[in-house]
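# Chains, contacts and geometry: an overview
Single-letter residue listing:
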Amino acid sequence: MAKLSAKYEILYIIDPAQGEEGIAALVEKFKGIVETHGTLTSVDEWGKRRLAYPINDLTEGYYVYMTCDVTPDMPAELDRVFKITDGILRSIIVAVEE
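To start, this report covers the structure provided alongside it. It should be emphasised that the depicted structure is a prediction, and the values quoted were computed from it without experimental measurement.

Definitions and cut-offs
- Residues numbered from 1 in each chain as written.
- Predicted model: local features only at pLDDT ≥ 70, side-chain atom pairs only at ≥ 80, totals over all residues.
- Heavy atoms only, no water.
- Core = buried A, V, L, I, M, F, W, Y, C linked by side-chain atoms within 4.5 Å.
- Buried < 20%, exposed > 50% of the residue type's maximum accessible area, 1.4 Å probe, protein only.
- Helix = DSSP H or I, 4+ residues; strand = E, 2+ residues; numbered from the N terminus.
- Contact = heavy atoms within 4.5 Å.
- Pairing = 2+ DSSP bridges.
- Axes fitted to C-alpha atoms, helices over the stretch in contact; angles between N-to-C directions.
- Expected span 1.5 Å × (residues − 1).
- Polar contact = N/O pair within 3.5 Å; in protein donor to acceptor, adjacent residues only side chain to side chain.

Take the nonpolar core next. Considering soluble globular proteins, one finds that nonpolar side chains tend to be buried as a cluster. Residues Ile10, Tyr12, Ile14, Phe30 and Val34 are the most contacted members of the largest nonpolar core, which totals 22 residues. The set of elements that each furnish at least two residues to this core consists of β1 (6-14), α1 (19-37), β3 (58-70) and α2 (74-84). Looking at this core, the element that brings in the most residues is α1, giving six residues. Here Tyr12 is in contact with Leu26, Val27, Phe30, Tyr62, Tyr63, Val64, Met66, Phe82, Ile88, Arg90 and Ser91, once residues within four sequence places are set aside. Formed by five residues, the second largest nonpolar core is a distinct cluster that contains Ile13, Leu51, Ile55 and Leu89.

What follows is the structure, given as C-alpha cells:
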C-alpha cells in the first residue's frame, strides 16, 4: 500500500542580500507551500552564518531548517520552486526514516 504521508527535513540557504523583509517573505512562501501539502512540524531559522565554501562569490547565507509531515509528491514540487526562486543559494530535502 502506498504511503499517504512521509516525514521530511528541509534545509535551505537564502542570499542575505535579500534583506530582512525579503528573507521573511521567502520563509513564509515556503512555509505556505509545505502547509498546502501536509503538516509543518517546525521551522527553525538559524540566521546568517558563514558558508563552508563561497557560492556565487558569497561567503555568508541565511539558513532555514524545517521539518514536516507531507504527501510524497511535495518534495519534487518544493525542489522545483527552490530552483526557480531568486535568492535561494542551496537547498536539500531529506526523507526521515520512521
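Looking now at the sheet that holds strand β4 (residues 88-95). With respect to topology, four strands assemble into an open sheet ordered β2-β3-β1-β4, the strand pairing being antiparallel. Two strands in the sheet have a free side with no partner beyond their single neighbour: β2 (38-55) and β4. Each strand of the sheet is rotated relative to its neighbour by a mean of 15°, with strand direction disregarded. Across nine bridges, the pairing between β1 and β3 is antiparallel. If you follow Ile14 over to β3, its bridge partner there is Tyr62. Those strands touched by α1 are β1, β2, β3 and β4, and its axis lies near 140° from that of β2. α2 rests against β1, β3 and β4 of the sheet, and its axis sits at about 170° to β4.

Okay, α1 next. Turn by turn, an α-helix covers 3.6 residues, leaving residues three or four places apart pointing in a common direction. For α1, with 19 residues, the first-to-last C-alpha span of 28 Å sits near the 27 Å given by 1.5 Å per residue. On its buried face, α1 sits against β1, β2, β3, α2 and β4.

Attention now goes to the side chain of Thr67. Tracing the backbone shows Thr67 in strand β3. For Thr67, a relative accessible area of 16% gives the class buried. A polar contact is formed between the side chain of Thr67 and the side chain of Ser42, at a distance of 2.7 Å. The contacts of Thr67, once residues within four sequence positions are left out, are Tyr8, Glu9, Leu40, Thr41 and Ser42.

The next thing to look at is the pairing of β1. For a regular strand, side chains alternate in direction, first toward one face of the sheet and then toward the other. The pairing of β1 with β4 spans seven bridges and is classified as antiparallel. Pairing of Ile13 across the sheet is with Arg90, part of β4.

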